[in-house]
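Tertiary structure, described
The primary structure of each chain is shown beneath.
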Amino acid sequence: TVKMTFMVNNSPFAGREGEFCTSRQIKERLFKELETDVALRIKEMENGTWVVSGRGELHLAILIERLRREGYEFQVSNPQVIVRQVEGKTMVPYEKVFIEVPEQYHGAVIKKLGSRKGELKEMKNQSGTIFLEFIIPTKGLFGYKSELLTDTKGLGIMNTSFYQYMPDPGSWRDRSQGSLVAHETGATNLYGLINVQGRGILFLGPGIQVYQGQVVGQNSRSEDIRVNVCKTKQLSNMRSKGEGSDEHFNVPKTMDLEDALEYISDDELVEVTPKNIRIRKMYLTEIDAKRAGRQNK
């Protein structure tokens, strides 16, 4: 029901952290997985990438994590549902979703899944625990797991099973917030991070190597902006009154593999290595991104 594109890592940090990085090594390992995983499909594309189709977002995330721990380094695109054309209609996969949640949080769950095109089929209350059953397009579940845990203070339990292919409800909302993108290559600096943190949520702390075009946070507004998180403070021999007393650095949000896959949009990739999970723009420089945008119009 869900597919992702796997590709060789071509970021500025490519080959630094992985033992197996080449096209041949990645291809051999992916096709070897077919021997044991009957729910997986792999299609090799002419441009040297692989479209990997699986049972769902979690199924593919488990495969990516397994490859990462074995020493493989590669990049993946955002998950997309597999669309079928039946009698001229666009059909998409739907899931049956079972959610178990404490009574005080069920309202937030119903509201969220309703906004994601979910239809509530059944609700039962047993000793203060609410059992909910929804029918929802698979696409509507992308990125929901982390929201469920936030809305239920970590107490929500969700299980899904494939329901059937049905007409696409359409009118999907894209991600409402843009990304904070590194303006230059270098090590993040506390001074630069403090200057940027007011613009949104940061994903990195100080002293971490980043490259131009790497996503370092989520913008609080809808557009992407380039930020200088490597900026250092200009030293002088004068100390101003109260300097340094009001500078507070917020704890950055740690993005694991599932978070990164849920976060990225169509023009972003997840760089997967044994040591790091990085989010990056498909086109690292602003010039390349604008040029690609003009070509796609």
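Computed from a predicted model, the values in this text were never measured in an experiment. (Residues numbered from 1 in each chain as written. Predicted model: local features only at pLDDT ≥ 70, side-chain atom pairs only at ≥ 80, totals over all residues. Heavy atoms only, no water.)

With that settled, consider the overall build of the chain. For the chain, the count of helices and strands is seven helices and 18 strands. With the principal axes as the frame, the chain shows a C-alpha extent of 70 × 50 × 40 Å. Relative to its full complement of 297 residues, the chain shows a buried share of 43%. Taking contacts inside the chain between residues at least 6 apart in sequence as the whole, the part at least 24 apart equals 71%. Approximately 16700 Å² of the chain is accessible, and the part contributed by carbon and sulfur atoms is 48%. When the 42 positive and 39 negative side-chain charges of the chain are each reduced to one mean point, those points stand 3 Å apart. (Helix = DSSP H or I, 4+ residues; strand = E, 2+ residues; numbered from the N terminus. Buried < 20%, exposed > 50% of the residue type's maximum accessible area, 1.4 Å probe, protein only. Contact = heavy atoms within 4.5 Å. Areas by Shrake-Rupley, 256 points an atom, 1.4 Å probe, with all protein chains shown as cover. Lys, Arg positive; Asp, Glu negative; His and termini not counted. Charge placed at Lys NZ, Arg CZ, Asp CG, Glu CD.)

Counted by the stated rule, this structure contains five aromatic pairs. Centroid distance Phe20 to Tyr72: 4.7 Å. Interplanar angle 35°. Geometry classified as tilted. With Phe20 in the loop between β1 (2-7) and α1 (23-33) and Tyr72 in the loop between α2 (57-69) and β4 (74-76), this pair connects stretches of sequence that are 52 residues apart. With relative accessibility at 23%, the residue Phe20 sits in the partly exposed group. (Phe/Tyr/Trp six-rings, centres within 6.5 Å; stacked < 30°, edge-to-face > 60°.)

Using the criterion set out here, one finds 19 salt bridges in the structure. When the shortest N-O distance is used, the salt bridge between Glu33 and Arg29 registers 2.9 Å. A residue pair is termed a helical-turn pair when its members lie 3 or 4 positions apart in one helix, as Glu33 and Arg29 do in helix α1 at four residues. The burial state of Glu33 is the same as that of Arg29; both residues are buried. Between Arg29 and Glu70 there is a salt bridge, with its nearest N and O atoms 2.6 Å apart. In this pair, Arg29 is assigned in helix α1 and Glu70 in the loop between α2 and β4, connecting sequence segments 41 residues apart. A relative accessible area of 34% places Glu70 in the partly exposed class. Each of Arg29, Glu33, Arg66 and Glu70 takes part in a single network of salt bridges with overlapping partners. (Salt bridge = Lys/Arg side-chain N within 4 Å of Asp/Glu carboxyl O.)

What follows is about the side chain of Asn219. Positionally, Asn219 belongs in strand β15 (residues 215-219). Reaching out from Asn219, the side chain makes a polar contact with the backbone nitrogen of Arg221 at a distance of 3.3 Å. When near neighbours in sequence (up to four residues on either side) are disregarded, Asn219 contacts Gln177, Gly178, Ser179, Leu180, Arg199, Gly200 and Ile225. (Polar contact = N/O pair within 3.5 Å; in protein donor to acceptor, adjacent residues only side chain to side chain.)

Attention now moves to the confidence of the model for the chain. Averaged over every residue, the pLDDT of the chain is 89; residues scoring 70 or more account for 95%. Here helix α7 (residues 286-296) stands out as the least confident element of the chain, with mean pLDDT 77; β4 is the most confident, with 96. (pLDDT = per-residue confidence, 0-100.)

Another aspect to go through is the pairing of strand β8 (residues 119-126). Examined bridge by bridge, β8 and strand β9 (residues 129-137) share seven bridges and lie antiparallel to one another. Bridged to Glu122 within β9 is Glu133. Linking β8 to β9, which pair antiparallel, is a turn of two residues; within it Ser127 sits at a positive phi near 55°. (Pairing = 2+ DSSP bridges.)

Another point: the environment of Val76. Inspection of the secondary structure puts Val76 in strand β4. Placed 68 residues apart in sequence, Val76 and Val8 show a C-alpha to C-alpha distance of 8.8 Å. When residues no more than four places from it in sequence are discounted, the contact partners of Val76 are Met4, Thr5, Phe6, Ile64, Leu261, Ile264, Leu269, Val270 and Val272.

Each strand in a sheet pairs with its neighbour through backbone hydrogen bonds, running either in the same direction (parallel) or in the opposite one (antiparallel). Ordered in space as β13-β15-β11-β16, the four strands form an open sheet in which the pairing is mixed. The open sheet has two edge strands, β13 (200-202) and β16 (225-227), and neither has a second partner. On average, adjacent strands in this sheet sit at an angle of 35° to one another, irrespective of strand direction. (Axes fitted to C-alpha atoms, helices over the stretch in contact; angles between N-to-C directions.)

Across the interface, α1 lies against α2 with an axial gap of 12 Å and an inter-helix angle of 130°. Relative to α2, α1 is oriented oblique. Where α1 crosses over α2, the two elements pack in a sense that is right-handed. Across the interface between the two elements, Arg29, Leu30 and Glu33 of α1 pack against Leu63, Arg66 and Leu67 of α2. Classifying every residue of the contact of α1 with α2 gives three nonpolar, no polar and three charged. (Parallel < 35°, antiparallel > 145°, perpendicular 65-115°, else oblique. Left-handed = near helix turned anticlockwise from the far one by under 90°. Nonpolar A, V, L, I, M, F, W, Y, C, P; charged D, E, K, R; others polar.)

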